[in-house]
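These are the residues of each chain, in order.
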Protein chains: 2
Amino acid sequence: MKARKFWLFVALIAATFAIGAQAADPLPSWKDGQTKQSILAFVEKVTEAGSPDFVSPAERIATFDNDGTLWAEQPMYFQLFFALDRVKALAPQHPEWKDKEPFASLLKGDLKAALAGGEKAILEIVMATHAGMTTAEFEQIVMEWVATARHPKTKRLYTKMVYQPMLELLAFLRANDFKTFIVSGGGIEFMRPWTEAVYGIPPEQVVGSSIETKFEVRGDGPVLVRLPKMNFIDDKEGKPIGINSHIGRRPIAAFGNSDGDLQMLQWTAAGPGKRLCLIVHHTDGEREWAYDRESHIGRLDKAIDEAKAKDWTVVDMKRDWKVIFPSSKK
Amino acid sequence: MKARKFWLFVALIAATFAIGAQAADPLPSWKDGQTKQSILAFVEKVTEAGSPDFVSPAERIATFDNDGTLWAEQPMYFQLFFALDRVKALAPQHPEWKDKEPFASLLKGDLKAALAGGEKAILEIVMATHAGMTTAEFEQIVMEWVATARHPKTKRLYTKMVYQPMLELLAFLRANDFKTFIVSGGGIEFMRPWTEAVYGIPPEQVVGSSIETKFEVRGDGPVLVRLPKMNFIDDKEGKPIGINSHIGRRPIAAFGNSDGDLQMLQWTAAGPGKRLCLIVHHTDGEREWAYDRESHIGRLDKAIDEAKAKDWTVVDMKRDWKVIFPSSKK
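Cut-offs used in this document
- Residues numbered from 1 in each chain as written.
- Chains lettered and ligands numbered in written order.
- Predicted model: local features only at pLDDT ≥ 70, side-chain atom pairs only at ≥ 80, totals over all residues.
- Heavy atoms only, no water.
- Phe/Tyr/Trp six-rings, centres within 6.5 Å; stacked < 30°, edge-to-face > 60°.
- Helix = DSSP H or I, 4+ residues; strand = E, 2+ residues; numbered from the N terminus.
- Buried < 20%, exposed > 50% of the residue type's maximum accessible area, 1.4 Å probe, protein only.
- Salt bridge = Lys/Arg side-chain N within 4 Å of Asp/Glu carboxyl O.
- pLDDT = per-residue confidence, 0-100.
- Expected span 1.5 Å × (residues − 1).
- Contact = heavy atoms within 4.5 Å.
- Least-squares fit on C-alpha atoms with pLDDT ≥ 70 in both.
- Pairing = 2+ DSSP bridges.
- Axes fitted to C-alpha atoms, helices over the stretch in contact; angles between N-to-C directions.
- Lys, Arg positive; Asp, Glu negative; His and termini not counted.
- Polar contact = N/O pair within 3.5 Å; in protein donor to acceptor, adjacent residues only side chain to side chain.
- Parallel < 35°, antiparallel > 145°, perpendicular 65-115°, else oblique.
- Left-handed = near helix turned anticlockwise from the far one by under 90°.
- Nonpolar A, V, L, I, M, F, W, Y, C, P; charged D, E, K, R; others polar.

Q: Would you explain the packing of aromatic side chains in this entry?
A: How two aromatic rings sit relative to each other is set out by the distance from centre to centre and by the angle between their planes. Evaluated as defined, the whole model comprises 34 aromatic pairs over all chains. Seen in terms of ring centroids, F190(A) and W194(A) are 6.4 Å apart; in terms of plane orientation they differ by 80 degrees. Their pairing is edge-to-face. With F190(A) and W194(A) both in helix α9 (residues 188–199) and four residues apart, the pair spans about one turn of that helix. Each member of the pair F190(A) and W194(A) is classed as buried. Here the aromatic rings of W145(B) and Y158(B) are separated by 4.8 Å at their centres, their planes lie at 15 degrees, and the arrangement is stacked.

See below:
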């Protein structure tokens, strides 16, 4: 009888925990409604043993865009703020920049004139600030910037401009044995130094754009030197290519916010079985920014039409999210 | 007292399992000796809590070459056997090959004449057999070949030409929270369809050479088409570049067998803290093949000199391995 009582006690405790676990809301910053429900229903269907939609843990691949999906992207991509800060920091070593566009305008504080040169100007700024050092040196530079630079409008650290509801979603998926990946147009080595601490996503699960590197054996050992030459652009058609190259499996869930994510969503949707394709629609001009079809950054036009046609999940930030950013700003 | 007896009983059971676990040899196909000892000592040092050499699980990255390190590579790379089989299978669709080298010689069974064209000839054979289909179609072709093709000398399936001691080493490292990666000169999409079943290494942990792919939306949905153009060669200097691109962390352990692995070993060795750099030396002409400095395939010359100079671990296959291949040939 003692043993029986013991096992009854164990069963009671286990049941209490089981009920407790079920009752706790895994997505507390998401308002109840259709959007949240579609996420919960998808995860339940693909993880429930015996469900016709069951997916083995190894195949539970979820890919997330970064800019505009996991963290904000206004008034311009944060990596561009990084590049501009680097131009200022490096200016003393480049006296020639005083007379050379786009650097001259940049250093005078005239961002608009600097970026008037379009993609070519941006590429010049990126190469001047992202190449010419070793990978270890670049990592250090990024870490220092991320620890100190602040967003011009909110004055938050950029890593506190991440979306609290998406942090919860990442954790919820991982708690259900999903492997979460970033698949971003941003620089792969710009993201990797901080994604593990901020999103719980380790470097080997970050896919992004890259420049070429060169292996060199120097006096104090081998290094990888970052070269001023594009290697891969992980945007639009590049996203399924990057997914195939780095992951080698098709995601069963994908999360984006712009036309740059459309091909990743199409690629995800085209696999067999249950899929979750989700678009974050920036509708909250008060708490964040409101933009879509006409925006230069994060334009959402074709992808929102396709989302409607194909019944993908669309997050209305204003309606669906109780909070946008984490409460701590530091 | 009942409760106390219960806990004593639990403690006894736990202790029995603990002793049992310690006593079981994790590397039963490795002969006792310096090589095995250096592996065991390394794993103990980096995993023991409180050890000055302790490495957190997230940083326990181990990279393995494939050809000649995890499976055999003689009398030629197995992927080349695959390519030759594909030339034969595709010949009816390519009547022009009858008069066109290197295909003409190949189809006549004259391998030597076919490969006389060197790298250019091999590249032509690879492109004719590895490109022009979707990634899904190529995966299917590889799976069928791997399930049926047999090695000309041993008559084993190629996936049974893997090294039993290395399978044990992979499992031992994973049991100690290492993440095991392949970093091979072989084709990334040639390996991924079978590495999970054979090595326990999932597609997202396979790094290899690649050709370019193109995203296309067809009538029945989006596909990735394999193009006849090299994208990345994951050999020699390419290995640390591939590691940085795919993993984004420096390995603490690396395993190779040829000069093609030297830069990966150098890159691994150059990190701070305890490292394990290991070279498989093919010394067993009876049970496998014996080759090193003069071999065209898997040449081991500079790397063995550097291994000696830097006190890396060198496996003498004849001396260190009780068995070479798994007992099952099917």
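Q: Just to check I follow, could you spell out the pattern of salt bridges for this structure?
A: If the charged atoms of two oppositely charged side chains come close together, the side chains can form a pair. The tally for this structure, following the rule as stated, stands at 40 salt bridges over all chains. Note that E216(B) is salt-bridged to K214(B), the shortest N-O span being 3.5 Å. Here the salt bridges share partners, and the residues they tie into one network are E59(A), K179(A), R249(A), E196(B) and E204(B).

Q: Where do I start with the confidence of the model for chain A in this structure?
A: The predicted coordinates ought not to be read in detail in places where the model reports low pLDDT. For chain A, the average pLDDT comes to 94, and 92% of its residues sit at 70 or higher. With a pTM of 0.92, the predicted complex shows an ipTM of 0.92.

Q: I'm lost on helix α8 (residues 164–175) of chain B in this one. Help?
A: Helical geometry note: an α-helix holds 3.6 residues per turn, so side chains three or four residues apart project in the same direction. All names here are of chain B. Helix length check: α8, at twelve residues, gives a terminal C-alpha distance of 17 Å against a target of 16 Å (1.5 Å per residue), a fit within 8%. Along α8, the residues that are buried comprise P165, M166, E168, L169, L170, F172 and L173. Contact partners of the buried residues in α8: α2 (34–47), β1 (61–64), β2 (179–187), α9 (188–199), β5 (253–256) and β6 (276–281). Positive phi appears at D177, one or two residues downstream of α8, with a value of about 65 degrees.

Q: Would you take a moment to explain the relation of the copies chain A and chain B for this structure?
A: Applying a rotation about an axis and a shift along it to one chain copy brings it onto the other copy. For the match of chain A to chain B, the screw axis carries a shift of 0.0 Å, the RMSD comes to 0.0 Å, and the turn is 180 degrees. Each copy turns onto its partner about a two-fold axis. When each C-alpha of chain A is compared by its distance to the rotation axis, H246(A) comes out closest, at 3.1 Å. Interface overlap between copies is the fraction of interface residues in one copy that are interface residues in the other; for chain A against chain B it reaches 100%, indicating a shared surface.

Q: Is there a simple way to explain the sheet that holds strand β7 (residues 313–316) of chain B in this structure?
A: For sheets, the rule is that strands pair by backbone hydrogen bonds, running either parallel or antiparallel. Residue and element names in this part refer to chain B. Taken in spatial order, the seven strands make up an open sheet running β4-β3-β2-β1-β5-β6-β7, and their pairing is mixed. At either margin of the open sheet sits one strand with a lone partner, and together these are β4 (221–232) and β7. With strand direction ignored, the average angle separating the axes of adjacent strands in the sheet is 30 degrees. Two strands pair when backbone bridges link them, and β1 and β2 are joined in this way by four bridges, in the parallel orientation. Looking at the pairing, I61 lines up with K179 of β2.

Q: Hey, could you run me through the side chain of E168(B) in this one?
A: All names here are of chain B. In this fold, E168 is placed in helix α8. This buried residue, E168, is left without a salt bridge; K36 holds the nearest opposite charge, at 7.1 Å. Engagement of the side chain of E168 in a polar contact is seen with the side chain of Q164, the distance being 3.1 Å.

Q: So what exactly am I meant to see when it comes to the packing of α2(B) against α8(B) here?
A: Packed helix pairs are specified by the crossing angle of their axes together with the interaxial distance, meaning the distance between the axes. Residue and element names in this part refer to chain B. The interhelical angle for the contact between α2 and α8, taken along N-to-C directions, is 15 degrees, at an axis separation of 11 Å. Considering their axes alone, α2 and α8 lie roughly parallel with respect to each other. α2 and α8 meet at a crossing whose hand is right-handed. Residues I39, L40 and V43 of α2 form the contact with α8, whose participating residues are L169, F172 and L173. Here the residues of the contact of α2 with α8 are counted per class, giving six nonpolar, no polar and no charged.

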